[in-house]
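What the coordinates show
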Amino acid sequence: MTTAIHTELDADGILLLTIDVPGQSMNVITPEVQADLAAAIERLKTDDAVKGAVLTSGKASGFMAGADLKGMGALFGGGAALPEGKSKMAALFDGVFGLNKLLRDLETCGKPVAAAVNGLALGGGLEFVLACHYRVVADNPKITLGLPEIMVGLFPGAGGTQRLPRLMGIQPALMYLLQGKNMSPQEALGFGVVQEVAPAADIVARAKAWVKANPNGGVQPWDTKNFKFPGGPATALNPNFAQIFVGGTAMTHVNAGDNMNAPRAILSAVYEGCQVPMDLAIRIESKYFAKVVADPQAGNMIRSLFVSKQAAEKGARRPKDVPPAPTKKVAMLGAGLMGAGIAMVSAQAGIEVVLLDTTMEAAEKGKAYTADRLAKKKMPADKAQAILDRIKPTTDYADLAGCDLVIEAVFETREIKARVTQATEAVLGPNVIFGSNTSTLPITGLAEAWSKPENFIGIHFFSPVEKMPLVEIIVGKKTGPAAIAKALDYVAQIRKTPIVVNDSRGFYTSRCFGTYVQEGLALLGEGTTPALIENVGKQMGMPVGPLAVNDEVGLDLSYKVAQQTKADLGDDYKGGPGEAVIEKMHELGRQGRKNAKGFYVYPEGGGKKFLWPDLVQTVAGGLAASQPSAADVKERLLYRQLVECARCFAEGVLETPQDGDLGAIFGWGFAPFTGGPFSHMDTVGIANVVATLDRLAQQHGARFAPPQLLRDMAARGDSFYAQAARRAA
Amino acid sequence: MTEAYIYDAVRTPRGKGRKDGKLHEITPIQLATQVLQAVRDRTGIDTADVDDVVLGCVSPVGEQGSDIARVAVLNADYAETTAGVQINRFCASGLEATNMAAAKVMAGEAMFAIGGGVESMSRVPMGSDGAAWAMDPAVAYKTYFAPQGIGADLIATKYGFSRNDVDAYAMESQARAARAWAEGRFKKSIVPVKDVIGEVVLAHDEHMRPGTDMQSLGGLAPAFQAIGEAMPGFDAIALMRYPEVEKINHVHHGGNSSGIVDGASAILIGNKEMGEKYGLKPRARIRAMASIGSEPMIMLTGPEFVAQKVLQRAGMTKDDIDLFELNEAFASVVLRYMQALNIPHDRINVNGGAIAMGHPLGATGAMILGTVLDELERTGKGTALVNLCVGAGMGTGTIIERI
C-alpha cells in the first residue's frame, strides 16, 4: 500500500502528519488515508517519544476535500455478501461508522493534536480538522471551510453534525449543515470553529507551538465535565433549544418539502446527538447516515447532480477524434433577449462577440443587456468594461468576418431563419459551424439553408441565459462530428452543462416539459381545484405550478404554438385535453403575466398574484363534484412527463439516460431529488412504471400509453442505467 | 353500571396570565388546594370517602410538576388515604379529568372522586414541558406540525369564515360574559382566591373586556401571519397537508382567541349512596363521555367528530341537547362546529367563553362543565353537551343530564 500520510517527528516530539494522497491533485479520503491515520493514532497512544501531532496537507490545492463521490458507488446498493447474523442496515452502519470512529479515536488519543489548514477543507476534509484539538487556518480569505454534503443529498457522516454544533452552537451549525454553505477562515474564527488564523507560511509552526505549549491539550471541550454547550444546554427543557428545532424543522420542511431525505436526517442527527455524549452522538449520526445512504435518493442525486454533470461538462458526449475547437469569435445573429444573453455569457468567457441585428438600435440594446446585468452584479467598472469591449453591435454582415462559430437566435419562422443563414454563409463560407438556438423548429429542416448541413447544429439555450445552467445540443440528420465537438467545446468555454439529443419537434426538453403544463391544463379543464394543481406541482418538486409557468411563458404563445403545430401536422395533429382551456383563455384575451391576467391575477403595484377566482367556472363550468386526491394529481403530473421522456428514448431523440436526467433537472427543473426522470423510473422499477402508465392510459387516455421500449425493458427486468452501463462496457 | 352524579362544581375566577395578573402571586398548588378545600367545605363530606382526585394540567413541570394532584390533596388537608393523579389531554384535560373521575365511580373503583384541573400560565408558561411533537424533527415532519393558530386560521379559510365573522363572534362572547357576570350567573360556582394572609386577591374573571366592539377588534393585527407567511413559514406546511387551499387567510388575533389566564377547577362526582350519606342532591348525572382523534395538522376540528361520537354513545341526537358548551379556543373553532352540526348561536356558549374570560389550559374543561350546569339549573333546562378541541387533533366531550 502506498503512503498517503507522511510522518516526521521533530526535536520537540511533535509528529507532523502530512496528508498527500498519491496520484490525486486534491486530497480525498481514501482507504490509505484512513489506514495511515489509524497507524499515526496508534503511535500517538503508545510512543512516549511522541508528545503530540500536527495534521496538515502536502497539496498546494488545499487541505482536503471530502469523500471521493465517484468512489462512493460501492456504498450504494453494495452487493457484497452480508456478514453472518447482520441485517443489511447493520452492515451498512458498520461500513459508515469506521471513519467516524477513527476521528473519534484521534480526538481521544490522549495527546494534543492541532490542524494546520493551508487551503480548502470541505466535507470529510473539514471533519478531519474538527476532530483536532486546535485548528490554525491560513489567512487567505478565499479558503473555503464547509460541510456541503447536503448539495448531493448526503450529510456529514464523520462527526460533522456533532462537532460543528458543539463548537458554534446549534442554530448557526444547522444553517451551515442544511444549506451546505461554506465559511471563510475569518468567519470560522468568529464562530469558534477554528482558534487561529495565521499567514500561510506560519501555520505549521503556529500549530506546533500550540501543541508544545499545551501538553494536556488533548481533550476536546465536549469531553470535559464542565462543558457548556454554546447557546445553552442541549436539552428539551431549554426553551431556546426547543425553539431552534421547532423553527428550524419548519423552515427546512418548507424549503425542502416532503421529498428530501438528507435535511430531515441532519435535523434528527443534531437533535438527538446533541443531547448525548460524543461517543453515543457519533453512533446516532452514523445511523442516520446509513439510512440516507440506504435510500436510492442519495445515489441518484450524486450520479446526476455530480458524476453525470461533471462527465458531461468534461465532454462525455464529445466525438473523441476531433481536435479541440475552442471558439475565439462568435457571430451572434439576433440581439433579442436570447441573443443578448448568449452574447453576455460568451463575452464573459473571453470570447469576442459580433452582435448582429436588423437595426443598430436593437443591436445596441442587446449589448446594453450585458452592461445592465453586470452593473446589477456590482462588478467593478474596469472588469465590466473589458467584457463589454468584447461585444461589437452591428447591422452589417461584413462585420462577421473572422468569426469561427455562428449562433442564430432570430424570429422563429423558417423564412427569416433561412435568410440570415444564407446571408451569413455569404460572408463566412459553409465551413464555419452554424448553431441555431431554435426552441421549436426541427434542425434538419433549418440545415437546408447552409450549404454544408454537416456543419449545422442546434444550440438550444434557456432563458434567462446567464442564469440557466443547461445547453441542449441538437444533432440534425446530417450534422457531423466536427459540429458536435465545436458546440460542446463552446459550451465548456461558457461553463454550462451540455446534453446532446437528436432532432425532433420540441427536441427533448421543450417537448417533455410541455407535457407537465398540458397535464395541468387537462386537470383544470376537468374542473379540478386550481390550487390543488398548483400546490401539488410544487410539492412534487417542480419549481412552479403548471398554471403559473404557463402564465410566465404566455398563454398567447401556447395558443400560437398549438395553432402552428396544427398547421404543420395537419391530420396527424392530436390536440391535448387542455387545448380547450387555452382556446378559452385566448378568446378572453387573458395572456398571462404579460397583460396581468392569465390563470392568475397580477394586482397593479406588484401585489402578490392570486388565482383568478372565476377560472374554474369559466374554463370548466365549475368545480368537479368529485375532486382527485393530491396523490392522483401528482401521479398524473409526474407520469405524463415520465412517459414522454421514455418515448424520447424509444424514438432515439435521447441516446443516454444521463442526457435525459441532466436535461430534465437543469433544463426544466424536474424534481432534482429523484436524480431525473430516468433515475426515477429505474428506482420505481420499469415494470411498476408500465403498470401505472397502463392504468393511467385506461383512465385518462392514450397520452399515458407506455412505449414498447418500456414493456420490453420490463419483460427483461432491465433498467435504463443498467442498459447504459452494458453499452459503455 | 353504577351511575355517576355531579354533587358540586367550583372554579376560581380567572386571572390574567401575566406578571401583572392578580393571580400571578398565587402558586399553582395554592390554586388547586383552594378549589379542593372549597369542595370539601361546601359539601361537608369526609374526605376519607374521596378515593381519588384527578387534576388536569398541561404544563406539568416546575411547580406544576411531580403529580400536583396528590400534592394538592396533602396540602388541602384531605385524608391521607385520598389518592391523586395528574393527567394531560391538552386543552381538554379538565374535562378528561372529570370523565375519568366519573368512570371510576361508574366502575365502582371510587365512591367519590374529584375531577378538575389547574394551570398557572403566568408562572409556568405554555410549552415549558417541551414536546417531541413540535421539536423532534422526525415527528414534526411526519405530523406536519404547526402551532394551533395556523390550524385555526386554516379552519377559517377552508370553511369560509371571514375576519368579520370571527370578530363578530368574539364581540358576542364578550357581551355574553359581561351579561352573565352582571346578572350573577356564575356566583354559585366561583370560589374567590385568597392570598397567604387570607385576603381575597381575585373574585371575578379578570381577562374580560366588556364593551369590546368591532372597531376595537378590527384594529388588532393578525397574530399568526408572521409565523405563517414569513418565519418560519408554517402556512406552507399547512398547504402540504391541505393542497386544495391556495392561501391561508389569517383572521385570528388576541381578541378572538382564548385568553391566557391562571385558574383552577374541581367537580365532585359520586355514586347515589354517597349523596344519600351526606344528604347531597345530585345536580346532574354523567350521561355519556368520549374522546376522539382526528387530523392533527388542522388540529382543532375534533369537537365536531367527538360530538357525533358521544351523542351516538348516549343514543341521542343533537336535538336532544338543550345547551352546547364548546371551549372558545379560537372563534373559528366554534363557528365551524356550529356550521358542521347546524347549531344555532343561541344554544351554544350562552354565557360567553374563553375568548372573554380566558382558558387556563388544564382547568378549563371542568370550568365550562360547571358553567353549563349552572345555566341548565338557572333556566330549568335538562341536557348539555360539553366539548373542547384538543391539541394534535383530538376532541373530548361529555353529556350531562339534570335529574
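Computed from a predicted structure; not experimentally measured.

Another aspect to go through is the pairing of strand β4 (residues 113-117) of chain A. Residue and element names in this part refer to chain A. Counting buried residues along β4, 5 of its 5 residues qualify, which places the element largely inside the surrounding structure. Both faces of β4 are covered, namely the face carrying V113, A115 and V117 and the face carrying A114 and A116. Of the strand pairs in this sheet, strand β3 (residues 52-57) and β4 are connected by 3 bridges, and their pairing is parallel. Looking across to β4, one finds that V54 is bridged to A114. As paired strands, β4 and strand β6 (residues 134-138) are joined by 4 bridges and run parallel to one another. Counterpart to A114 in the pairing with β6 is Y134.

Once that is clear, we can look at the sheet that holds strand β2 (residues 14-19) of chain A. Strand pairing in a sheet relies on backbone hydrogen bonds. The paired strands run either parallel or antiparallel. All names here are of chain A. Overall, mixed pairing links the 6 strands, which are arranged β1-β2-β3-β4-β6-β9 in an open sheet. The sheet terminates laterally at β1 (5-9) and β9 (196-198), the two strands that pair on one side only. Taken over all neighbouring pairs, the strand axes of this sheet differ in orientation by 20 degrees on average, direction set aside. Sheet topology places β1 next to β2; 5 bridges connect them, and they run antiparallel. Bridging from a neighbouring strand, I5 pairs with I19 of β2. Of the strands in this sheet, β1, β2, β3 and β4 are in contact with helix α1 (residues 31-46), which crosses β1 at around 25 degrees.

A separate point is the pattern of salt bridges. Applying the stated criterion to the full structure yields 64 salt bridges over all chains. What you see here is one network of salt bridges that share partners, running through D8, R42, K188, R283, D374 and E377 of chain B.

For the coordinates displayed, the defined rule picks out 4 cavities of 30 Å³ or more. For the largest cavity, the calculated volume is near 40 Å³. What lines the largest cavity is V246, T249, A250 and H253 of chain A together with A134, A140, F145 and I237 of chain B. Taken together, the residues of the lining of the largest cavity sort by class into 6 nonpolar, 2 polar and no charged.

Another aspect to go through is the packing of helix α4 (residues 160-168) of chain A against helix α5 (residues 170-179) of chain A. All names here are of chain A. In contact at an axis separation of 7 Å, α4 and α5 are set at 140 degrees when each is read in the N-to-C sense. Taken together, the axis directions place α4 and α5 in an arrangement best described as oblique. Crossing hand, α4 versus α5: right-handed. Here α4 contributes G160, T161, L164, P165 and M168 to the contact with α5, which in turn contributes I170, P172, A173, Y176 and L177. Here the contact of α4 with α5 is built from residues that sort into 8 nonpolar, 2 polar and no charged.

Domain boundaries assigned for chain A yield domain 1 (5-294), domain 2 (329-504) and domain 3 (510-728). The centre of domain 1 of chain A, based on its C-alpha atoms, is set 43 Å off from the matching centre of domain 3 of chain A.

Conventions and cut-offs
- Residues numbered from 1 in each chain as written.
- Chains lettered and ligands numbered in written order.
- Predicted model: local features only at pLDDT ≥ 70, side-chain atom pairs only at ≥ 80, totals over all residues.
- Heavy atoms only, no water.
- Buried < 20%, exposed > 50% of the residue type's maximum accessible area, 1.4 Å probe, protein only.
- Helix = DSSP H or I, 4+ residues; strand = E, 2+ residues; numbered from the N terminus.
- Pairing = 2+ DSSP bridges.
- Axes fitted to C-alpha atoms, helices over the stretch in contact; angles between N-to-C directions.
- Contact = heavy atoms within 4.5 Å.
- Salt bridge = Lys/Arg side-chain N within 4 Å of Asp/Glu carboxyl O.
- 1 Å grid on protein atoms, 1.4 Å probe; cavity = no way out; pocket = protein on both sides within 12 Å on 5 of 7 lines; lining within 4 Å.
- Points joined across faces, edges and corners; volume = space filled by probe spheres on them.
- Nonpolar A, V, L, I, M, F, W, Y, C, P; charged D, E, K, R; others polar.
- Parallel < 35°, antiparallel > 145°, perpendicular 65-115°, else oblique.
- Left-handed = near helix turned anticlockwise from the far one by under 90°.
- Domains from an automatic or database assignment.

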